[in-house]
Amino acid sequence: MRIAVLAAFSAMLALATPAAATLAPGAAAPDFTTRGAIAGKVVPISLREQLRRGPVVLYFFPAAFTSGCNAEARAFAEKVDAFRAAGATVIGMSADNVADLQRFSSSECAGKFAVASAGPKVVAGYDVALGRAVKGKSVTSRTSYVIGRDGKVVFVHDDMNPAEHVALTLAAVQKLKQG
């Protein structure tokens, strides 16, 4: 009887716990170079180059111009000065093509931070494949990583609800700055 109760409790707990991204805190963040856009201008994006300036908030979003992704991009844009004050760079990532990201970077990101195209190798390296299509195209999960200057993952938030990504990653960056 006790074993059955424990098994049922364990099953409930597993269902209540969000799925964790493969990259856990302490893991090395896979380096990448890709193309993206900021304020509508196409730019190269290199994780290694960005980390030379300080920590990076790498947030993956499913698809540009969808309601949750638009809201999340606007929320990051509103707080980008706070991220910069804490020494961090924000980079949005999705499987979208660069042309779509050019428009998205101007309209939804208000030109305040870069958004970049995550190819299959980046998607696999960060374990962010959603496994289903949205509007007929492959998409990523909504996963936010804070990566320390040393290239190690400091914080992960993996949740399809965009509501907490900005607040939680900002708190992680501020904590990192405090030491």
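What you are looking at is a predicted structure, and each value in this text was computed from that prediction instead of being measured. Along each chain, the written sequence defines residue order, and numbers are assigned to residues from 1. Given that this is a predicted model, residues contribute local features only at a pLDDT of at least 70 and side-chain atom pairs are listed and counted only at 80 or more, while totals for whole chains, interfaces and linings are drawn from all residues. Side-chain calculation: all heavy atoms of the structure are included, whereas hydrogens and water are not.

Colleague: Quick question: what am I supposed to make of unusual backbone geometry here?
Modeller: What is expected of a backbone is that most residues other than glycine have negative phi and most peptide bonds are trans. For Ala 39, which is not glycine, the phi torsion reads 55° and is therefore positive. To qualify as a helix, a DSSP run of H or I must reach at least 4 residues; to qualify as a strand, a run of E must reach at least 2; elements of each kind are numbered from the N terminus. If you trace the backbone, Ala 39 turns up in the loop between β1 (33–38) and β2 (41–46).

Colleague: Sorry if this is basic, but what is going on with the packing of helix α3 (residues 67–85) against helix α6 (residues 165–178) here?
Modeller: The geometry of a pair of packed helices is captured by two quantities: the angle between their axes and the separation between those axes. Angles shown run from 0 to 180 degrees and are taken between the N-to-C directions of axes, each axis being a line fitted to C-alpha atoms and, for helices, limited to the stretch in contact. Viewed as axis vectors pointing N to C, α3 and α6 meet at an angle of 10°, and their least axial separation amounts to 10 Å. With respect to their mutual orientation, α3 and α6 come out roughly parallel. Seen along the crossing, α3 lies across α6 with a hand that is right-handed. Where α3 abuts α6, its residues Glu 72, Ala 75, Phe 76, Lys 79, Ala 82, Phe 83 and Ala 85 lie against His 165, Val 166, Thr 169, Leu 170, Val 173 and Lys 177. The residue makeup of the contact of α3 with α6, split by class, is eight nonpolar, two polar and three charged. In these notes the angle categories are as follows: under 35 degrees is roughly parallel, over 145 is roughly antiparallel, 65 to 115 is roughly perpendicular, and the rest is oblique. Should the near helix be turned counterclockwise from the far one by less than a right angle, the crossing is left-handed, whereas a clockwise turn marks it as right-handed. Should any heavy atoms of two residues lie within 4.5 Å, those residues are counted as being in contact. Each residue is assigned to one class: nonpolar for Ala, Val, Leu, Ile, Met, Phe, Trp, Tyr, Cys and Pro, charged for Asp, Glu, Lys and Arg, and polar for all the others, Gly among them.

Colleague: Please clarify how the pattern of salt bridges should be interpreted in this entry.
Modeller: Note on pairing: side chains with opposite charge can pair once their charged atoms come close. A side-chain nitrogen of Lys or Arg and a carboxyl oxygen of Asp or Glu constitute a salt bridge if their distance falls within 4 Å. For the coordinates displayed, the defined rule picks out six salt bridges. Salt-bridge contacts for Arg 48 lead to Asp 31; the nearest nitrogen and oxygen are separated by 2.9 Å. Of the two residues, Arg 48 sits in helix α2 (residues 47–51) while Asp 31 sits in the loop between α1 (2–16) and β1, which places them 17 residues apart along the sequence. Summary of the burial criterion: residues with accessible area below 20% of their type's maximum are buried, those above 50% are exposed, and those between are partly exposed, where the area comes from a 1.4 Å probe applied to protein chains only. The partly exposed category is assigned to Asp 31, whose relative accessible area is 40%. Notably, a salt bridge pairs Glu 72 with Arg 142, separated by 2.6 Å at the nearest N-O pair. Taken together, the positions of Glu 72 in helix α3 and Arg 142 in the loop between β7 (137–140) and β8 (143–147) put the pair 70 residues apart, joining distant regions of the chain. A relative accessible area of 1% places Glu 72 in the buried class. On the basis of relative accessible area, Arg 142 is assigned to the buried category, the value being 5%.

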